[in-house]
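These are the residues of each chain, in order.
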Amino acid sequence: DAFTWSSSDEKIVRAKNGTLTGVAPGTATITAKSRYFDGVEDSCTVTVSENEALTKIESEEFNATLDRNFPRVINYRMKDSGSMIDGNYYPIETVQVNEKEYKPEVFFEQISPSEVHYDLNVKELNAVVHMSIKAEGNALKLDVTDITEDGSDENRVFTLNIPSLDIVTVGS
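Here the structure is a predicted model, which means the values were calculated and not measured.

### Some details on the overall build of the chain
Phase 1: Assigned secondary structure in the chain consists of 0 helices and 16 strands.
Phase 2: Whereas a compact globule of 172 residues would reach a radius of gyration of roughly 16 Å, the chain reaches 20 Å, over 25% beyond that.
Phase 3: Judged by the C-alpha coordinates and their principal axes, the chain covers about 70 × 35 × 25 Å.
Phase 4: Split into buried and exposed, the 172 residues of the chain put 33% on the buried side.
Phase 5: A separation of at least 24 residues holds for 39% of the contacts in the chain among residues at least 6 apart in sequence.
Phase 6: In the form shown here, the chain has an accessible surface area of approximately 10300 Å², with 47% of it arising from carbon and sulfur atoms.
Phase 7: A distance of 4 Å separates the average location of the 16 positive side-chain charges in the chain from that of its 30 negative side-chain charges.

So this is what it looks like as structure tokens:
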């Protein structure tokens, strides 16, 4: 990359290789400086707004930003240090049931400050996958709590996979 990128507040917006990632509501200044020409630089102000498709859960040790539209973790923030850990930044919309891909209708419910529930309705199979995500201590627990089926052999759920679901993403 011909430029180095920086943010005046990485708790609001992160800048890396020309990609900006909003972290929390607020305003920060993004600066791009040429690696090859001294004095060639520019800055702009970026405002990050609250995303209504996102929610947070928290424990005593961390909080996690979650997608209301599908059970995925966007990121984690440790309360003591403020350090961030990435989850999935890119949307997920499908599940694989019995090795076939489906786009379920998703219902979301915030149960408490530390727990959310999702119901993934796979209409083609007349099946609902019930899931919970809970923050406890320094752990995030994602559980399939139940699968409701119609009882027919042709719609039975034998395997369940969520492609591209990364609870934690490590990058450089």
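Now that the structure is up, let's keep going.
### So, the pairing of strand 6 (residues 54-58)
On any regular strand, side chains alternate: one points to one face of the sheet, the next to the other face.
Phase 1: Side chains T55 and I57 project from strand 6 onto a buried face, and the interleaved L54, K56 and E58 project onto a face without burial.
Phase 2: As judged from the 5 bridges shared by strand 6 and strand 7 (residues 62-67), these two strands associate in the antiparallel manner. Looking at the pairing, K56 lines up with T65 of strand 7.
Phase 3: Connecting the antiparallel pair strand 6 and strand 7 is a turn made up of 3 residues.

### Observations regarding the packing of aromatic side chains
Phase 1: What the rule picks out here adds up to 3 aromatic pairs.
Phase 2: Look at F62 and Y76: their rings are 6.0 Å apart centre to centre, the planes differ by 55 degrees, and that puts the pair in the tilted class. You can see F62 sitting in strand 7 and its partner Y76 sitting in strand 8 (residues 73-78), a full 14 residues away along the chain. Of the two residues, F62 and Y76, both sit in the buried class.

### A short note on unusual backbone geometry
Phase 1: Phi is positive for N17, close to 50 degrees, though the residue is something other than glycine.
Phase 2: Positionally, N17 belongs in the loop between strand 2 (13-16) and strand 3 (19-22).
Phase 3: Judged by its relative accessible area of 53%, N17 falls in the exposed class.
Phase 4: For N98, which is not a glycine, the phi torsion comes out positive at approximately 55 degrees.
Phase 5: Mapping N98 onto the fold places it in the loop between strand 10 (95-97) and strand 11 (100-102).

### Concerning the sheet that holds strand 10
Phase 1: Strand order in the open sheet formed by 3 strands is 11-10-16, with antiparallel pairing between adjacent strands. Whereas interior strands pair on both sides, the edge strands pair on one side only; in this sheet they are strand 11 and strand 16 (160-161).
Phase 2: As paired elements, strand 10 and strand 11 share 3 bridges and run antiparallel to each other. Its bridge partner lying in strand 11, Q96 is registered against E101.

Conventions and cut-offs
- Residues numbered from 1 in each chain as written.
- Predicted model: local features only at pLDDT ≥ 70, side-chain atom pairs only at ≥ 80, totals over all residues.
- Heavy atoms only, no water.
- Helix = DSSP H or I, 4+ residues; strand = E, 2+ residues; numbered from the N terminus.
- Rg over C-alpha atoms; globule rule 2.2 N^0.38 Å.
- Buried < 20%, exposed > 50% of the residue type's maximum accessible area, 1.4 Å probe, protein only.
- Contact = heavy atoms within 4.5 Å.
- Areas by Shrake-Rupley, 256 points an atom, 1.4 Å probe, with all protein chains shown as cover.
- Lys, Arg positive; Asp, Glu negative; His and termini not counted.
- Charge placed at Lys NZ, Arg CZ, Asp CG, Glu CD.
- Pairing = 2+ DSSP bridges.
- Phe/Tyr/Trp six-rings, centres within 6.5 Å; stacked < 30°, edge-to-face > 60°.

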